[in-house]
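Here is what each chain is made of, one letter per residue.
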Amino acid sequence: SATVGILALQGAYEAHAKTLAALDVTTRLIRTPDQLFTLEGTPSVDGLIIPGGESTTMLKFLERNGFLESLSSLVRTLPTFGTCAGAILLANDVQNPPQISLSALDITIERNAYGRQIDSSILTAPTKLPGAPLEMVFIRAPRITRTGPEVETLATRDEFPVLVRQGHLLAATFHPELGHDLRVHQLFLDLIASHRVHSHATVDS
Ligand code: GLN
C-alpha cells in the first residue's frame, strides 16, 4: 500500500498523520529536502500532504537548502494534497500580499480572506463526495478567487471553491484533518492509487 509523506516544518502535520493512521496508511514526516527522494533519486513517497499552518513561516524553512526547488519539481508529478497554508503554497498566484509559491495548481488564492470577525468557523456544506454533507473547519482561511480550466471544484462556500482538484493535485482551504470525516483523505488516497495505476500503465505500454 501507499506511503504518504507529510511536510512537517510547521503547522497541523500531526493531525494529518493521525487521520492517515486511522485509514491504515503509512506516513513519513518530511523535514529536509533529501527526505523527499531515495538514493536513486526517485520520490521516497507515493503522495505528499502540505498541511495548514502559516505559509510565510513554512516558506522561511523552504527557502533553505534548495528545499523549495526540490519540492517544486516533485509536485509537478507527485500526488499532493495541500490544506489551507498548503493550498496557498501550491497555488500559482497568491494575493494579500503576493508571495512566492510552488506554482503547481492553477488557482488564484487570497490569504486571510474572511476578515477578523469570522476568521475561524465550522460549517457543514454539500460536496461532490459521496455521502452526507461535509463538516469543514476554517482557520484564518484563504479564499480561492480564480480556478483555471483544468481545475475541478468539489465543494464551495458562498460560491467560492473550498475543495479543488487538478489532475494529481488536491487542495482544500479548510482543515479536513481536524474533523472526524475521513472522506477527503480517502479521496486523496484514491487519487494516489489511480495515479500509480496510471504511471505503471504508461511504463508498460
Ligand atoms: N493564514 C494562513 C496563511 O496565510 C493559513 C491558515 C491555515 O493554514 N489555517 O498561511
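Cut-offs applied
Residues numbered from 1 in each chain as written. Predicted model: local features only at pLDDT ≥ 70, side-chain atom pairs only at ≥ 80, totals over all residues. Pairing = 2+ DSSP bridges. Helix = DSSP H or I, 4+ residues; strand = E, 2+ residues; numbered from the N terminus. Axes fitted to C-alpha atoms, helices over the stretch in contact; angles between N-to-C directions. Near = placed C-beta within 6 Å. Nonpolar A, V, L, I, M, F, W, Y, C, P; charged D, E, K, R; others polar. UniProt positions renumbered as here; feature names shortened; annotations may be inferred. Buried ≥ 20, exposed ≤ 12 C-beta atoms within 10 Å, placed from the backbone. Right-handed = clockwise from strand over helix to strand, strands pointing away. Contact = placed C-beta atoms within 7 Å. Arc of directions from axis to C-beta.

(A) Layout of the sheet that holds strand β5 (residues 91-95). What the three strands build is an open sheet, ordered β5-β6-β9; its pairing is mixed. Each edge of the open sheet is held by one strand with a lone partner, namely β5 and β9 (143-147). When the angles between neighbouring strand axes are averaged without regard to direction, this sheet yields 25°. In this structure, β5 lies alongside strand β6 (residues 105-110), joined through four bridges in parallel fashion. Its bridge partner being in β6, D93 is matched across the sheet by T108.

(B) Quick peek at the site of the ligand. The ligand sits among G52, G53, E54, S55, C84, A85, I88, R111, N112, I139, R140 and P142. Of the residues contributing to the shell around the ligand, the split by class is five nonpolar, four polar and three charged.

(C) Local environment of the UniProt feature "active site" (unreviewed entry) in the chain. This chain's UniProt record puts "active site" (unreviewed entry) on C84, H175 and E177. Spatially, the listed residues are clustered: although they cover 94 residues, their C-alpha atoms lie within 11.0 Å of one another. Position of C84 relative to the elements: it lies in the loop between β4 (80-83) and α4 (85-90). Owing to 29 C-beta atoms within 10 Å, C84 belongs among the buried residues under this scheme.

(D) Representation of the pairing of strand β1 (residues 3-7). Of all five residues making up β1, four are buried, and the element is well covered by its neighbours. Looking at chain direction, β1 and strand β2 (residues 26-30) are connected through five bridges and run parallel. Of the residues in β2, the one forming a bridge with T3 is T26. Handedness of the β1-helix α1 (residues 13-22)-β2 crossover: right-handed.

(E) Region of interest: the UniProt feature "binding site: L-glutamine" (unreviewed entry) in the chain. UniProt feature "binding site: L-glutamine" (unreviewed entry): in the numbering of this structure it lies at G53, E54, S55, R111, I139 and R140. With the annotated positions falling across 88 residues, the maximum pairwise C-alpha distance of 12.9 Å places them together in a single cluster. With respect to the helices, strands and loops of the structure, R111 is situated in the loop between β6 and β7 (120-125). Secondary-structure assignment places I139 in strand β8 (residues 134-139). The residues touching I139, leaving out its near neighbours within four places in the chain, are G52, C84, S120 and H175.

(F) Region of interest: helix α2 (residues 55-62). Within α2, burial applies to S55, M58 and L62. All buried residues of α2 lie within an arc of 60° about the axis, which places them on one face of the element. Summarising the contacts, the buried residues of α2 are in contact with α3 (67-74) and α4.

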